[in-house]
Amino acid sequence: MQQTALVPYAHLPQGHRKSHVLTSTVDVSGTAHWLLTERAPQPGSGVVPFDALVVSVDPGGNVELTELSAVRARWPHLDRLPDGGFVVAAARARGYEDANQVQVFNVLGRETSSFFVGDAIEHLLVDEAGRIWVGHFDENPVGIRCWSATGRLVWTSDDAGIPGLFDCYALNVSGTAAWACPYTDFPLVEIRPDRTNQPVMVWANRVRGSHAVAVHGERVAFYGGYGEERDRLAHGEIIGTSVESTDVGLLTLPDGLAPGRRRVVGRGSRIYVQAEPFTTWGVFDLSS
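Before going into details, it helps to say that this report is about the structure given with it. What you see is a predicted model; the values in this text were computed from it and never measured.

Overview of the pairing of strand β22 (residues 242–252)
Moving on, step 1. Note: strand β1 (residues 3–5) against β22, three bridges, orientation parallel. Across the sheet, the residue bridging to A5 is T252, located in β22.
Moving on, step 2. Sheet topology note: the strand β18 (residues 200–205)/β22 ladder contains two bridges and is parallel. Counted as the bridge partner of N205 is V243 from β22.
Moving on, step 3. Bridge count between strand β21 (residues 232–239) and β22: eight bridges; the pairing is antiparallel. Paired with G236 across the bridge in β22 is S245.
Moving on, step 4. Joining the antiparallel neighbours β21 and β22 is a turn of two residues, in which G240 adopts a positive phi near 65 degrees.

Here is the structure:
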């Protein structure tokens with residue numbers, strides 16, 4: 001089976017590698033971010049607010065540091081807003097009245113607002129307009145929703161006609177559009193809320209279990225799968241009302257090894273992969 005190696009993309013600077021990586025992501029502009037603390041979260045029923053450091057590395061290798069005050073999320077999601085601030089969200093919310101689940105920080109690292117988006121966050125990605133896209137896993141099957149940075153719900157999949165939307169396995173946000181591949185039917189879904197005549201388009205898809213998707217024109221790549229297909233990279237082409245498979249291979253680390261435990265982020269034609277110990281990002285680019 002053909003193997004495709006990730007291309008090295010961004011590295012956490014050596015001076016920060018003794019810190020604990022709470023989470024990491026790559027934003028819509030291609031800048032990588034790490035959310036760091038001095039030590040791992042401790043077991044317990046509550047989280048005492050703590051200070052954290054965001055280390056950002058842009059595509060040119062320039063490093064920026066932002067100190068965040070009074071972070072409350074034990075298992076957070078992170079992304080950057082267009083104004084230079086950050087969004088930090090707790091993946092799990094203990095109650096449906098938890099107004100502090102999502103914290104918005106300004107460029108100085110101070111919290112400016114907080115709001116609730118729902119339990120069981122699988123993906124949280126900010127688009128170039130500053131909208132926050134949230135996909136949930138099956139413990140809260142509300143689908144895919146889009147929020148403003150002030151907590152206003154601006155789009156929901158409730159009446160979007162997406163078949164089998166129970167768990168948002170894959171979510172890709174690039175520009176002002178989102179692409180998804182949700183469980184249980186795994187269709188390829190394009191969401192453009194600003195396209196008033198047809199904000200959602202859906203294509204049938206036979207590739208099951210993917211946790212990341214990349215799109216370039218009519219070409220599509222699905223990454224991941226069940227069991228032995230965990231490292232699968234499946235290529236397809238949008239033809240009519242479906243995605244037709246064209247090739248199946250494996251995606252590996254730059255050294256040819258399997259990624260093992262990893263994070264993935266989909267952005268347009270790119271799938272970013274970060275393997276444990278989560279200090280380095282690699283990239284697969286469908287447009288290359």
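Some details on the side chain of S24
Moving on, step 1. With respect to the secondary-structure elements, S24 resides in strand β3 (residues 20–26).
Moving on, step 2. There is a polar contact of 2.7 Å between the side chain of S24 and the backbone oxygen of H33.
Moving on, step 3. Among the polar contacts listed, one links the side chain of S24 to the side chain of W281, at a separation of 2.9 Å.
Moving on, step 4. In this view, S24 contacts H33, W34, R263, Q274 and W281; residues no more than four positions away in its chain are not counted.

Brief notes about the pattern of salt bridges
Moving on, step 1. Under the defined criterion, the tally for this structure stands at 15 salt bridges.
Moving on, step 2. For the salt bridge of E64 with R80, the shortest nitrogen-to-oxygen distance reads 2.9 Å. With a gap of 16 residues between them, E64 in strand β6 (residues 63–71) and R80 in strand β7 (residues 76–80) connect regions that are remote in the sequence.
Moving on, step 3. Since its relative accessible area comes to 38%, E64 is described here as partly exposed.
Moving on, step 4. We note a salt bridge from D79 to R267, for which the minimum N-O separation is 2.7 Å. A residue pair is termed long-range when its members are at least 10 positions apart, and D79 in strand β7 and R267 in strand β23 (residues 262–267) qualify at 188 residues.

Notes on the sheet that holds β3
Moving on, step 1. Ordered by their spatial adjacency, four strands build an open sheet running β3-β4-β5-β6, and the pairing between neighbours is antiparallel. Looking along the sheet, the strands with just one partner apiece sit at the ends: β3 and β6. The mean inter-strand angle of the sheet, taken between neighbouring strand axes irrespective of direction, is 20 degrees.
Moving on, step 2. In this structure, strand β4 (residues 32–37) lies alongside strand β5 (residues 50–57), joined through five bridges in antiparallel fashion. Of the residues in β5, the one forming a bridge with L36 is L53.

Rules used in this analysis
- Residues numbered from 1 in each chain as written.
- Predicted model: local features only at pLDDT ≥ 70, side-chain atom pairs only at ≥ 80, totals over all residues.
- Heavy atoms only, no water.
- Pairing = 2+ DSSP bridges.
- Helix = DSSP H or I, 4+ residues; strand = E, 2+ residues; numbered from the N terminus.
- Polar contact = N/O pair within 3.5 Å; in protein donor to acceptor, adjacent residues only side chain to side chain.
- Contact = heavy atoms within 4.5 Å.
- Salt bridge = Lys/Arg side-chain N within 4 Å of Asp/Glu carboxyl O.
- Buried < 20%, exposed > 50% of the residue type's maximum accessible area, 1.4 Å probe, protein only.
- Axes fitted to C-alpha atoms, helices over the stretch in contact; angles between N-to-C directions.

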